[in-house]
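So the chains spell out like this:
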Amino acid sequence: MRIAYYSAAFTGCGNTVRGIAIRNALQRAAVNCEFVMVGTLGMAGLAESQGIAVVQLEPESFDRLAAERFRSSATYQTLSRISADILIVDLAWFTTQRMVAELPGNSVLLLRQASADFFGYYHNGTTTEFDPSAYDLVLSIEPCSLPFETVGIDPIIMRQPHELLTRARAAAALGLDPDQPAALIATNGKPGEFEKLRQTYSCLDGDYQLFCSSNHHGGVFPIVDYFNAFDLVVCSGGYNAFWEAVYFSKDAVFVPHARRFENQAWRIENCQDYVFRANGADELVKMLLNAG
């Protein structure tokens with residue numbers, strides 16, 4: 001079986017981390033498959049460092065992906081060549097909606113919280129609306145309200161609790177004293193956000209051993225592996241950072257960063273008390289196996 005994970009993101013590494021999380025869940029379930037990540041992946045080297053095959057694409061214009069031309073696009077030709085039994089699309093309905101019916105295998109679209117204008121785009125005098133029926137399955141990967149019917153799963157997390165390093169091992173690897181309180185300051189969104197976060201919360205030095213990490217600056221990856229070393233996490237309200245802190249029950253300071261379609265403040269205000277039933281990555285894999 002061949003499973004492809006596709007993304008068309010431009011900044012950060014959130015899409016790449018979700019792809020890694022799904023691969024990890026496939027491995028936990030001992031699924032015999034070929035897994036590949038494809039698209040305009042943020043920080044694709046992170047996936048490659050985890051032993052995942054990556055096919056990196058250049059962004060393509062809406063003109064190239066138009067109904068009469070998408071078959072000549074690199075996106076369509078690459079996905080056709082990969083010929084996945086299951087294509088998992090992370091958010092990017094606007095690049096894939098026209099083509100999934102012509103691709104082999106089943107298509108699964110993953111959606112998180114997004115503003116209403118994410119589900120339609122205006123180009124050359126025409127508005128294209130999202131059509132959930134184009135996909136075999138549309139999943140909501142966090143507890144949010146979307147303007148159409150979806151199947152909900154828990155948020156997708158890269159690790160399970162037993163996979164994290166112990167406090168002693170994590171602290172030793174990071175040069176921290178495990179017997180003293182430690183705080184993590186980390187974010188991997190747009191350039192410049194990490195520097196501002198680190199400066200704002202440098203006041204924690206003295207009360208905590210501070211450890212700062214960003215993948216924009218060769219930070220520790222995946223930093224979640226070292227969570228047991230930290231008594232406090234300071235991070236953004238982005239999907240992966242937020243849900244990792246909630247899933248692993250970390251005391252956290254969440255700082256919302258502005259995004260065009262995502263409302264991080266909404267997530268921070270409404271979801272900190274969310275109770276997980278399971279890791280959404282494992283739920284997704286079970287659904288894929290049952291469908292097959």
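Residues numbered from 1 in each chain as written. Predicted model: local features only at pLDDT ≥ 70, side-chain atom pairs only at ≥ 80, totals over all residues. Heavy atoms only, no water.

A. Region of interest: empty space enclosed by the protein. Scanning all chains against the criterion turns up one cavity of 30 Å³ or more. The computed volume of the largest cavity comes to approximately 50 Å³. Along its surface, the largest cavity is lined by Ala4, Leu79, Ser83, Ala84, Leu87, Leu103 and Pro104. Residue composition of the lining of the largest cavity, by class: six nonpolar, one polar and no charged. (1 Å grid on protein atoms, 1.4 Å probe; cavity = no way out; pocket = protein on both sides within 12 Å on 5 of 7 lines; lining within 4 Å. Points joined across faces, edges and corners; volume = space filled by probe spheres on them. Nonpolar A, V, L, I, M, F, W, Y, C, P; charged D, E, K, R; others polar.)

B. Here's a closer look at the packing of aromatic side chains. The tally for this structure, following the rule as stated, stands at 21 aromatic pairs. Where Phe62 meets Tyr121, the ring centres are 4.2 Å apart and the plane angle is 10°; that geometry is what we call stacked. Linking Phe62 in the loop between strand E3 (53–56) and helix H3 (74–82) with Tyr121 in strand E6 (residues 120–123), this pair joins segments that are 59 residues apart in sequence. Arranged with centres 5.7 Å apart and planes meeting at 80°, the rings of Trp243 and Phe276 form a pair that is edge-to-face. A residue pair is termed long-range when its members are at least 10 positions apart, and Trp243 in helix H7 (residues 239–247) and Phe276 in the loop between helix H8 (264–271) and helix H9 (280–291) qualify at 33 residues. In this pair, the class of Trp243 matches that of Phe276, namely buried. Among the aromatic residues, those joined into a ring-pair cluster are Phe62, Trp93, Phe94, Phe118, Phe119, Tyr121, Phe130, Tyr135, Phe148 and Phe261. One cation-aromatic arrangement involves Arg18 over Tyr239; the distance from NZ or CZ to the ring centre is 5.0 Å. (Phe/Tyr/Trp six-rings, centres within 6.5 Å; stacked < 30°, edge-to-face > 60°. Helix = DSSP H or I, 4+ residues; strand = E, 2+ residues; numbered from the N terminus. Buried < 20%, exposed > 50% of the residue type's maximum accessible area, 1.4 Å probe, protein only. Lys NZ or Arg CZ within 6 Å of the ring centre and 35° of its normal.)

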